[in-house]
Amino acid sequence: MKITLLLHNAYAVGATLRGTLALAAALADHHDVELVSMLRHREVPRCAVDPRVRLVPLVDTRVGSDDMAHPLFGEPAVDVPIADRHHHQYSRLTDLRAAEFLRGCDADVVVGTRSGVNVYLARFGPRRALRIAQEPLRYDTHSGLLRAELADPYRALDALVATTEAEAARWRAELPLPGVRVLAVPAVVPAPDANADTGVDVDADGGTRIIVAAGRLVPGERFDLLLAAFSAVCAKDPEWRLRIHGEGPERARLRNLIDGLGLAGRAELAGPRTPDGAEFAGASIAASASDTEASGPALVEAMRRGVPVVGTGRPPGPTELIQGGGGGLLVPCDDGRALAGALLDLAGDPEHRRAMGTAARESARRHGPEPLAERYRVLVEELRATRRSRSVRRALGLARSRARTLPRRAGRA
């Protein structure tokens with residue numbers, strides 16, 4: 001089977017990209033796999049690409065490239081939704097190259113990995129191929145305008161993949177897509193490097209007790225709530241430390257909050273997070289008070305290192321991640337007292353932390369590339385078996401939609 005994965009920019013860096021590259025490598029164990037990057041801004045990718053996987057860039061944005069001089073490069077894209085947050089990075093040249101590639105694509109399965117790329121897939125993807133769109137972000141992160149722009153093209157897909165069951169249910173409820181299989185497949189989180197440090201029981205060796213959090217420094221991550229909860233931990237055991245990795249507009253406010261809570265020297269804004277989750281190496285506890293993450297990828301990075309997690313438990317937070325096999329404690333969103341209690345529970349019980357860290361490592365294995373490559377293999381078999389019945393449902397759904405709009409049009413006339 002030939003599988004093509006469409007990416008925004010395979011030459012960039014980030015946890016989502018690392019996951020896609022790991023999935024491609026796992027699929028290459030049994031299939032012919034290629035990566036198609038809409039953009040290329042450097043000579044070689046920053047993240048390693050498995051040598052068995054072909055990498056095909058479509059538009060070269062490096063200074064001095066022939067594409068930069070192309071007359072269509074300066075014209076804005078029209079095939080990517082204008083509400084897509086990456087629209088400004090695309091051009092009419094990107095539209096042209098994506099359409100040319102997809103119309104001539106001979107893959108059996110084509111997978112898009114973000115909204116704008118998914119629209120290219122839906123509009124220009126070969127009809128003979130199975131067309132699968134991944135939606136790595138929460139439904140709520142898309143503006144109403146973007147959701148409206150996605151509605152028509154997404155009806156041409158074979159499957160839409162969200163990262164959690166809660167998010168899949170939201171897509172099914174809010175954007176009915178007759179004939180399109182809407183399901184959840186967790187985001188791929190590669191295993192840590194074989195030589196990387198993993199979570200340690202710091203009480204056993206007398207080391208510093210460390211809580212680590214990672215994410216954008218934005219209001220939705222609720223680092224303010226985490227700092228308030230951490231102050232309760234320090235009141236009981238001042239040897240504990242909190243490191244927050246990430247950058248964003250809330251940095252100055254959080255810095256002031258650290259000082260105001262008397263946590264200087266105990267809580268630290270530790271700079272950018274790494275794409276491979278290395279900031280969790282050696283941590284005792286991973287924490288998240290976020291009410292915005294769909295699948296808690298940072299928490300999976302921690303759990304793969306055997307670090308137990310304290311996270312918020314309102315979907316679409318890490319509820320499914322933690323409830324799927326243990327390895328953490330769930331607390332309600334916006335409940336600082338419950339968050340402090342959970343942190344104190346783990347901070348004061350090294351045996352509990354050790355057992356939960358072991359469970360976390362086992363639970364996180366299901367986010368590895370090999371089991372998720374198998375999930376996609378099963379999905380492809382299902383889509384092939386149901387292709388005819390799904391086509392009928394799609395046609396009936398389109399007919400009903402047109403029937404509903406005719407009276408409205410007649411009334412306006």
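Looking up the protein chain in an unreviewed UniProt entry gives the name D-inositol 3-phosphate glycosyltransferase, with the organism given as Streptomyces yunnanensis.

## With respect to the sheet that holds strand 1 (residues 2–7)
Taken in spatial order, the seven strands line up as 3-2-1-4-5-6-7 in an open sheet, and their pairing is parallel. Looking at which strands have only one partner, the edges of the open sheet turn out to be strand 3 (54–60) and strand 7 (181–184). Each neighbouring strand pair of the sheet contributes to a mean axis angle of 20 degrees, computed without reference to strand direction. Where strand 5 (residues 130–135) meets strand 6 (residues 159–162), four bridges bridge the pair, whose relative direction is parallel. Bridging from a neighbouring strand, Gln134 pairs with Val161 of strand 6.

## Description of the environment of Glu75
Note on placement: Glu75 falls in the loop between strand 3 and helix 2 (92–103). Taking the C-alpha atoms as reference, Glu75 lies 8.9 Å from Tyr90; in sequence the two are 15 residues apart. Apart from the residues within four sequence positions on either side, Glu75 is in contact with Ser91 and Arg92.

## Observations regarding the sheet that holds strand 12 (residues 309–312)
To summarise the sheet geometry, strands pair through backbone hydrogen bonds and adopt either a parallel or an antiparallel arrangement. As summarised here, the arrangement of the six strands in space is 10-9-8-11-12-13, forming an open sheet in which the pairing is parallel. Only two strands of the sheet have a single neighbouring strand rather than two, namely strand 10 (267–269) and strand 13 (328–331). The average angle at which neighbouring strand axes cross in this sheet is 20 degrees, direction not considered. Pairing of strand 8 (residues 209–214) with strand 11 (residues 285–288), which is carried by two bridges, proceeds in the parallel orientation. Its bridge partner being in strand 11, Ile211 is matched across the sheet by Ile285. Together, strand 8, strand 9 (240–245), strand 10 and strand 11 form the strand contacts of helix 7 (residues 223–236), whose direction differs from that of strand 9 by roughly 170 degrees.

How each quantity is defined
- Residues numbered from 1 in each chain as written.
- Predicted model: local features only at pLDDT ≥ 70, side-chain atom pairs only at ≥ 80, totals over all residues.
- Heavy atoms only, no water.
- Pairing = 2+ DSSP bridges.
- Helix = DSSP H or I, 4+ residues; strand = E, 2+ residues; numbered from the N terminus.
- Axes fitted to C-alpha atoms, helices over the stretch in contact; angles between N-to-C directions.
- Contact = heavy atoms within 4.5 Å.

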